[in-house]
Amino acid sequence: MQATAYTYDPATRSGSVLLDDGTPLPFDAEAFDAGGLRLLRPGQRVRIETETGNGAETGTGAEGGRRRITLVTLQTF
């Protein structure tokens, strides 16, 4: 799924993204590290992977649980 970097704190390696519908979604250091990035700037397009609270990977819907980002990396074409 694609999103736009919204906030990023290099000290904690965590932040948030905006989904294409404008919904903010936070990510933690574990998700940031999984993508292999060193820095993230607000406004950058990123690719994210998410899972619901029950561990199932999701696309855009989060029915059945709270959505959590498991990977943040740069969007490539």
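Right above here is the structure, for reference.
Undergrad: So, the nonpolar core: which residues are in play, and what are the values?
TA: With 15 residues, the main nonpolar core has Val-17, Phe-27, Leu-40, Val-46, Ile-48, Ile-69 and Val-72 as its most contacted residues. Setting aside anything within four residues of it in sequence, one finds Ile-69 in contact with Val-17, Leu-25, Pro-26, Phe-27, Ala-31, Ile-48, Glu-49 and Thr-50.

Undergrad: Residues and numbers for the environment of Leu-19, please.
TA: Secondary-structure assignment places Leu-19 in strand 2 (residues 14-19). Looking at Leu-19, the relative accessible area reads 7%, which means it is buried. For the pair Leu-19 and Gln-2, spaced 17 residues apart in the sequence, the C-alpha separation amounts to 7.0 Å. Leave out the neighbours within four places in its chain, and Leu-19 touches Met-1, Ala-3, Leu-25, Ile-48 and Arg-67.

Cut-off values and rules
- Residues numbered from 1 in each chain as written.
- Predicted model: local features only at pLDDT ≥ 70, side-chain atom pairs only at ≥ 80, totals over all residues.
- Heavy atoms only, no water.
- Core = buried A, V, L, I, M, F, W, Y, C linked by side-chain atoms within 4.5 Å.
- Buried < 20%, exposed > 50% of the residue type's maximum accessible area, 1.4 Å probe, protein only.
- Contact = heavy atoms within 4.5 Å.
- Helix = DSSP H or I, 4+ residues; strand = E, 2+ residues; numbered from the N terminus.

Interpretation in functional terms is not warranted from these geometric data alone.
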